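Observations on the model geometry
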Amino acid sequence: MATEDARYRQSSQFRLWSFTPSHLASLRTECNSLAQKAISARLQSANPNDALPEFLTPAEELSLVTHYTVELLRAAAFIELPTEIRATAAIFLRRFYVTNSIMTYPPTELLKTCLFFGCKAEGHYMRLSKFADKFPNTTGEEVLAAEYVLSQGIRFAFDVRHPFRALEGAVMELRRLGDFENKRIDRAHGKAREILKFSPLVTDAYFHYTPSQIMMAALAMADEGLVERMLREAFAAEGESAKEKCWDLIQACRAMLEKEPPEKMNDNEERKAIIKPLNRKLKKCRDPDRVDLVALQKARREQAMVKKPKVPVKEDGAVFGGSIADGRESKRRKTETEE
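The present account deals with the structure reproduced in this document. Not measured: the values here are computed from a predicted model.

Helix length check: helix α4 (residues 58–78), at 21 residues, gives a terminal C-alpha distance of 30 Å against a target of 30 Å (1.5 Å per residue), a fit within 8%. Within two residues after α4, E80 carries a phi angle of roughly 60°, on the positive side.

Here it is as C-alpha cells:
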C-alpha cells in the first residue's frame, strides 16, 4: 500500500486535485462568490429595475452536485457503461463543480458531457450519434457543447486513479495469508466493490484520500477484521505507531463513505424532498448567458473567427488564480516584447 501511495503522489490527481477539507471548502466558497457577482452583473444589465434573486449557498450547491452525481451514475447504469467509465465521469463532474458554479453551467447538460468524455478518457469509443440516441431529446451537438469548458474546468487532468484495482490486490493478499475462509473474503469483496461503485464517487473522498485508503475504508465497512489483519502484516516492521496512524486515516475515510451508502443509489424519495426546492431556487438564479451551451459555443466560435483581441474576465472558473487563456496571453506579450 505504501508503494502504491508513493506512485499516486506523482499523479496529476494528487498534484492538482487533492485538498485539505478547509482548502476545498474555501475554493467552493470563492467559486460561489464569483458566480454571484458575475450573474448579478448580467441580470442587472438585462433588467436594471428587477430585484436580484436569492442565490444558492456553497452548501446548497454541494447538495445539488451530489444529487446530479447520483443522477449521472443512474444514467450510466441505464446505458450499461462499464464501472471505470461511470466512476471517471462522476469524478469529472465533481472536479468541474469545485471551481465552476452550478448556477453558471447547467448540471443536466454537463452530466451527459462528462459521461461521453469519460468514455473517451477510458478508451471506450462510442459514436457520438449512438451515445446521444441513448438520451431523450438530446443531440450530439448538445453533448459536445460543454466539452472544452469541461476540459478547462478539470484542468486538463484526464487521468483518474480509482480504488478498484487496489481492492483486487487486497483480496489476493488475504487469500495468500490464509487466515480466513474464502466465503468470508468473497462476501467482503462483493460488498466492498458495491461501496466503491457509489460512496466515494458522491462524497469528497477522492479529494482527500488515496485510492488505497479509500479501498481500505470500503473493505473495513464490509469486514473490519480483514483490514486489521492486513495492517498487522503491512506494518509488522514499522511498529504500532505507524499502523495506528494509517488506521485513523482509514476510519476517517470510512466515516465519510458511510454518509452515502450504496443503498442510496435507488432511494430517491428522501433525496428528492431536499433537492426539489433547491432546483426551484437554481432556476431563478442561473446565469442567463450560459443556460444554452450550444448557443454559447456558437457565439464563441463566431467571436474567434473575428479574431478580436481577448479581454480577460475573471469569473468563477478563475478560482485557481486566473484562466489558462490569461496565462497564454501574458506569455505571448512577453515574447513579442523580447523580439
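Scanning the model with the defined rule gives two cavities of 30 Å³ or more in all. In this model, the largest cavity occupies a volume close to 90 Å³. Secondary structure elements with two or more residues in the lining of the largest cavity: α3 (21–46), α4 and α5 (83–99). In terms of residue count, the dominant contributor to the lining of the largest cavity is α4 (four residues). Empty space within the second largest cavity amounts to approximately 30 Å³. In this structure, the second largest cavity is lined by I102, M103, T104, Y105, P106, R286, D287, R290 and V291. The residue makeup of the lining of the second largest cavity, split by class, is five nonpolar, one polar and three charged.

Okay, a nonpolar patch on the surface next. A grouping of Y148, F156 and F158 is seen on the molecular surface, where their side chains present a nonpolar patch of about 280 Å² in accessible area. Residue placement: F158 occurs in the loop between α9 (147–153) and α10 (164–177).

Okay, the packing of α5 against helix α6 (residues 107–121) next. Look at α5 against α6: their axes get within 8 Å of each other, and the N-to-C directions meet at 130°. Put simply, α5 runs oblique to α6. In terms of crossing hand, the pair formed by α5 and α6 is right-handed. Across the interface between the two elements, I85, T88, A89, F92, L93, F96 and Y97 of α5 pack against P107, L110, L111, C114, L115, F117, G118, C119 and A121 of α6. Within the contact of α5 with α6, the residues separate by chemical class into 14 nonpolar, two polar and no charged.

Okay, unusual backbone geometry next. Positive phi outside glycine occurs at N137, with the angle close to 50°. Among the secondary structure elements, N137 is positioned in the loop between α7 (128–133) and α8 (140–144). According to the relative accessible area criterion, N137 is exposed, its value standing at 79%. One non-glycine residue, R155, lies in the positive phi region at around 60°. When you line up the elements, R155 lands in the loop between α9 and α10.

We now examine the pattern of salt bridges. Using the criterion set out here, one finds 22 salt bridges in the structure. Residue K120 pairs with E147 through a salt bridge whose shortest N-O separation is 2.6 Å. On the criterion of sequence distance, the pair formed by K120 in helix α6 and E147 in helix α9 is long-range, its members being 27 residues apart. On the basis of relative accessibility, which here comes to 16%, the residue E147 falls in the buried class. Here the salt bridges share partners, and the residues they tie into one network are E173, R176, D179, R229 and E233.

What counts, and at which threshold
Residues numbered from 1 in each chain as written. Predicted model: local features only at pLDDT ≥ 70, side-chain atom pairs only at ≥ 80, totals over all residues. Heavy atoms only, no water. Helix = DSSP H or I, 4+ residues; strand = E, 2+ residues; numbered from the N terminus. Expected span 1.5 Å × (residues − 1). 1 Å grid on protein atoms, 1.4 Å probe; cavity = no way out; pocket = protein on both sides within 12 Å on 5 of 7 lines; lining within 4 Å. Points joined across faces, edges and corners; volume = space filled by probe spheres on them. Nonpolar A, V, L, I, M, F, W, Y, C, P; charged D, E, K, R; others polar. Patch = residues over 30% accessible without salt bridge, like charges linked within 9 Å, V, L, I, M, F, W, Y side chains within 5 Å. Areas by Shrake-Rupley, 256 points an atom, 1.4 Å probe, with all protein chains shown as cover. Salt bridge = Lys/Arg side-chain N within 4 Å of Asp/Glu carboxyl O. Axes fitted to C-alpha atoms, helices over the stretch in contact; angles between N-to-C directions. Parallel < 35°, antiparallel > 145°, perpendicular 65-115°, else oblique. Left-handed = near helix turned anticlockwise from the far one by under 90°. Contact = heavy atoms within 4.5 Å. Buried < 20%, exposed > 50% of the residue type's maximum accessible area, 1.4 Å probe, protein only.

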